[in-house]
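The chain contents come next:
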Amino acid sequence: MRCTGVSWTIDQAWFPPHCISPHTSPAQSHAERLTWNAPRDHGRDARVVAWTCECTNPFYELCQAGGQRFIRRTRNAPDKRIVDESDRWNARQANAQWNALLLGLLH
Ligand SMILES: [Zn+2]
């Protein structure tokens, strides 16, 4: 029997081959809406710990600032980028929100 090496690539097959980072799933009908705020301190104090692929609009970053984490949303408009930030949570809560976002349970 010969291993074709195909089965483990199926999850990525819907996306362009250059994509490495994860994509958010489409928001589900019962998805909860996050609160989006204007960026605080222009995001200067934040370190990005996870991100989604930039081929999607918007794309998202999980940011760490001090002892808290938040999600940054970047939308590409024709002439500018619009950046919003979620509320801030502790790492455990923020990671749960991030996972929910990737699964399409938040938007
Ligand atoms: Zn992509």
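As the structure is a prediction and not an experimental result, all values here were calculated from the model.

## Focus on the overall build of the chain
Then, in step 1: Secondary structure summary: the chain contains one helix and four strands in total.
Then, in step 2: Counted from the first residue to the last, the chain has its helices and strands arranged as β-β-β-β-α.
Then, in step 3: Taken over 107 residues, the chain has a buried fraction of 35%.
Then, in step 4: Considering only intrachain contacts with a sequence separation of at least 6, the fraction spanning at least 24 residues in the chain is 50%.
Then, in step 5: With an accessible surface of roughly 7,400 Å², the chain has 52% of that area assigned to carbon and sulfur atoms.

## A short note on the confidence of the model for the chain
Detailed reading of the predicted model is not advised wherever pLDDT is low.
Then, in step 1: When pLDDT is averaged along the chain, the result is 85, and 82% of the positions lie at 70 or above.
Then, in step 2: Taken element by element, the predicted model of the chain shows its lowest mean pLDDT in strand 4 (residues 81-85) (94) and its highest in helix 1 (residues 91-102) (97).
Then, in step 3: Every residue in residues 1-12 is under pLDDT 50, and counting partners more than four places away or in other chains gives one contact.

## Regarding the environment of Arg40
Then, in step 1: Within the secondary structure, Arg40 sits in the segment before strand 1 (47-51).
Then, in step 2: C-alpha of Arg40 to C-alpha of Glu85: the two residues are 45 residues apart in sequence and 7.8 Å apart in space.
Then, in step 3: In this structure Arg40 touches Asp45, Glu85 and Arg88, once residues within four positions along its chain are discounted.

Each value, and the rule that gives it
- Residues numbered from 1 in each chain as written.
- Predicted model: local features only at pLDDT ≥ 70, side-chain atom pairs only at ≥ 80, totals over all residues.
- Heavy atoms only, no water.
- Helix = DSSP H or I, 4+ residues; strand = E, 2+ residues; numbered from the N terminus.
- Buried < 20%, exposed > 50% of the residue type's maximum accessible area, 1.4 Å probe, protein only.
- Contact = heavy atoms within 4.5 Å.
- Areas by Shrake-Rupley, 256 points an atom, 1.4 Å probe, with all protein chains shown as cover.
- pLDDT = per-residue confidence, 0-100.

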